[in-house]
Amino acid sequence: MTLHLYDTYSRSLRPFETITPGQAGLYACGPTVYDYAHIGNLRTYLFVDGLRRALEFNGLRVRHVMNITDVGHLTSDADSGDDKIEARSARSGKSAWDIAAEFTRAFEGDLRQLNILPPTVCCRATEHIAEQIAFIRDLEANGYTYRTDDGIYFDTTRQDSYGKLARLNRDGLQAGKRVDLGEKRDICDFALWKFSGVPGQRQMEWDSPWGLGFPGWHIECSAMAEKHLGAYFDIHCGGEDHVAVHHSNEIAQTEARHGTRLANFWLHGAFLKTQDAKMSKSSGDFLRLQSLVEQGVDPLAYRYLCLGAHYRSSLNFTDDALRAAASGLARLRSGVHGLGEAQGDADPVWLSRFAAQLNDDLNFPRALAVAWELLKSDLPAAVKKASIARFDAALGLDLLRWQPTELAVPAQVSAWLAQRETAREERRWHDADTLRALVREAGYDIDDTPQGPQARARAS
């Protein structure tokens, strides 16, 4: 069964074939570590994790590279403003290096709580300055750069193909520009190397053939992706906000150096929205994963919520949606736990059904529906459990490791459970429904397991 993925570059659903048989190279844009990740950012990393798990589900060995942007990402995509990390340092009194380390640790903690697989390689921009300088020197030798008072810039007018990823209308951009270009020759041109200004004023700066300074944001990913995966690899992915600028510029740089578009497939995840607006750090109003944890939400309930929407569809975050996801995850866990300790083999027909949805451009909502259908089927418990274990390698919900907490069920609730079971055996369905309603009013849900009915505290 062939995996099909939607390639942003070609705007088409394409069969996925690896460049090297049996291996897949995957580069995912990581965080700029000047602040905590919000749950909208984390939706993108859950999408990347689902992609990686799908590749591995299909038997591929994945080399997953993710960058940490710890220098060079300015407050404006137009190469103006302060470096985000230096700006945070100035506000907090902490060093830029300490800021980057602090928020990198926090980000890694978020990934662990969401059961996101760690990348094969996690590379920091500050540890690849030599590679970035070498890349820029080659661009300079190939005639793609020019110098201004504040840095070395990439000349996008040298490429007729510039902006193909985003289908940019360059004439329209020129006609509608409302910004002062300074010494930039074109609105689409971007910085490769920025000069420091007064030496020592910045905490993060390096010597280069062009003078003391620091790399531009876009050159970092091109250089690190090439070092760890080569000049042309299988998949590059990130959020949809990267299409128009960051990823278009990555492609431009690599085409100018090597004549490739860097990756065979370009995949992009859609935004998480709150009240139909994109969640953004710049607004100062964003929600962290830790905020959910402090409210008693299991982080994997957020993962379950994201599994319920296709990665290319916007997801509107609400408290009601999160509560429903928490309840769904609790029922799924309880159902899998109720299968007992029996050992068996996965059912090939059900594996094929699950794979068909997974391989249809990572259709996790339908794949999750297959898992639910299997759980409710008449297959032996051992077969169900073995099959769901295989499914969960892709879903990432850690279902088999979950254990219920000891719950002190009130005597009255236990009595209603027993009465309901008797009513069901006697086919008194109305009485059974009435007793279930009483249990729910008392704050409990009922899971019907092979070991009998069990009460579970309702998700808040």
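For the structure itself, consult the block above.
Residues numbered from 1 in each chain as written. Predicted model: local features only at pLDDT ≥ 70, side-chain atom pairs only at ≥ 80, totals over all residues. Heavy atoms only, no water.

K.L.:
Explain the sheet that holds strand E8 (residues 190–195) here, please?
P.N.:
The pairing of strands in a sheet comes from backbone hydrogen bonds and takes either a parallel or an antiparallel form. Across the sheet, 4 strands lie side by side as E6-E7-E8-E9; this open sheet has antiparallel pairing. Looking at which strands have only one partner, the edges of the open sheet turn out to be strand E6 (145–148) and strand E9 (213–215). Across this sheet, the average inter-strand angle for adjacent strands is 25°, counted without regard to direction. Note: E6 against strand E7 (residues 151–154), 4 bridges, orientation antiparallel. In the sheet register, Arg147 faces E7, and the bridge partner there is Ile152. (Pairing = 2+ DSSP bridges. Helix = DSSP H or I, 4+ residues; strand = E, 2+ residues; numbered from the N terminus. Axes fitted to C-alpha atoms, helices over the stretch in contact; angles between N-to-C directions.)

K.L.:
Where do I start with the side chain of Thr148 in this structure?
P.N.:
Along the chain, Thr148 turns up in strand E6. The exposure class assigned to Thr148 is buried, which follows from its relative accessible area of 5%. Engagement of the side chain of Thr148 in a polar contact is seen with the side chain of Asp150, the distance being 2.7 Å. Leave out the neighbours within four places in its chain, and Thr148 touches Tyr153, Glu183 and Phe195. (Buried < 20%, exposed > 50% of the residue type's maximum accessible area, 1.4 Å probe, protein only. Polar contact = N/O pair within 3.5 Å; in protein donor to acceptor, adjacent residues only side chain to side chain. Contact = heavy atoms within 4.5 Å.)

K.L.:
It is not clear to me how the sheet that holds strand E13 (residues 277–278) should be interpreted in this structure. Could you clarify?
P.N.:
Strand order in the open sheet formed by 3 strands is E13-E12-E14, with mixed pairing between adjacent strands. The strands lining the two open edges of the sheet, one partner per strand, are E13 and strand E14 (315–317). Two elements, strand E12 (residues 272–274) and E14, share 3 bridges in a ladder whose sense is parallel. Paired with Lys273 across the bridge in E14 is Asn316.

K.L.:
Hey, could you run me through unusual backbone geometry in this one?
P.N.:
Of all residues except glycine, most have a negative phi; of all peptide bonds, most are trans. Although it is not a glycine, Asn115 sits at a positive phi angle of roughly 60°. Along the chain, the position of Asn115 falls in the loop between helix H3 (96–113) and strand E5 (121–124). For Asn115, a relative accessible area of 24% translates into the label partly exposed. Of note, Leu362 is a non-glycine position whose phi angle comes to about 60°, a positive value. Along the chain, Leu362 turns up in the loop between helix H11 (348–358) and helix H12 (364–375).

K.L.:
Help me out: how do you make sense of the packing of helix H4 (residues 129–141) against helix H7 (residues 243–258) in this one?
P.N.:
Two packed helices can be described by the angle between their axes and the distance between those axes. The geometry of H4 relative to H7 is characterised by a closest axis approach of 9 Å and an angle of 65° between their N-to-C directions. With respect to each other, H4 and H7 are oriented roughly perpendicular. The crossing of H4 and H7 is left-handed. In contact with Ala134, Phe135, Asp138 and Leu139 of H4, H7 contributes Gln253, Thr254, Ala256 and Arg257. Here the contact of H4 with H7 is composed, by residue class, of 4 nonpolar, 2 polar and 2 charged. (Parallel < 35°, antiparallel > 145°, perpendicular 65-115°, else oblique. Left-handed = near helix turned anticlockwise from the far one by under 90°. Nonpolar A, V, L, I, M, F, W, Y, C, P; charged D, E, K, R; others polar.)

K.L.:
How do you make sense of the side chain of Arg420 when you look at a structure like this?
P.N.:
Inspection of the secondary structure assignment puts Arg420 in helix H14 (residues 411–425). Residue classification places Arg420 among the buried residues on the basis of a relative accessible area of 5%. In this structure Arg420 touches Ala432, Leu435, Arg436, Ile446, Asp448 and Pro453, once residues within four positions along its chain are discounted.

K.L.:
What is the right way to read the packing of aromatic side chains from this model?
P.N.:
Remark: the centre distance and the inter-plane angle together describe each pair of aromatic rings, the angle taken between the planes. Inspection of every chain in the model, using the stated rule, returns 11 aromatic pairs. Taking 5.3 Å as the distance between ring centres and 65° as the angle between the ring planes, the aromatic pair formed by Phe16 and Phe265 counts as edge-to-face. Within this pair, whereas Phe16 is found in the loop between strand E2 (12–15) and strand E3 (23–28), its partner Phe265 is found in strand E11 (residues 263–269), the two being separated by 249 residues in sequence. Each member of the pair, Phe16 as well as Phe265, is classed as buried. Taken together, a centroid distance of 5.5 Å and an interplanar angle of 55° make the contact between Phe57 and Phe354 tilted. Here Phe354 lies in helix H11 and Phe57 lies in helix H1 (residues 39–57), a separation of 297 residues in the sequence. Given a relative accessible area of 17%, Phe57 falls into the buried group. The rings of Phe57, Phe354 and Phe391 are connected pair by pair, giving a single aromatic cluster. A cation over an aromatic ring shows up here: Arg261 above the ring of Tyr9, its NZ or CZ 5.0 Å from the ring centre. Between Arg312 and the ring centre of Tyr6, over which it is positioned, the NZ or CZ distance is 4.1 Å. (Phe/Tyr/Trp six-rings, centres within 6.5 Å; stacked < 30°, edge-to-face > 60°. Lys NZ or Arg CZ within 6 Å of the ring centre and 35° of its normal.)

K.L.:
Where do I start with the pairing of E8 in this structure?
P.N.:
Two faces make up the sheet, and in a regular strand the side chains alternate between them. Of all 6 residues in E8, 6 are buried; the element is thus mostly enclosed. Where E7 meets E8, 4 bridges bridge the pair, whose relative direction is antiparallel. Paired with Gly151 across the bridge in E8 is Lys194. Of the pairings in the sheet, the one linking E8 to E9 comprises 3 bridges and is antiparallel in character. Across the sheet, Trp193 pairs through a bridge with Pro215, a residue of E9.

Everything listed is a geometric property; what it means functionally is a separate question.
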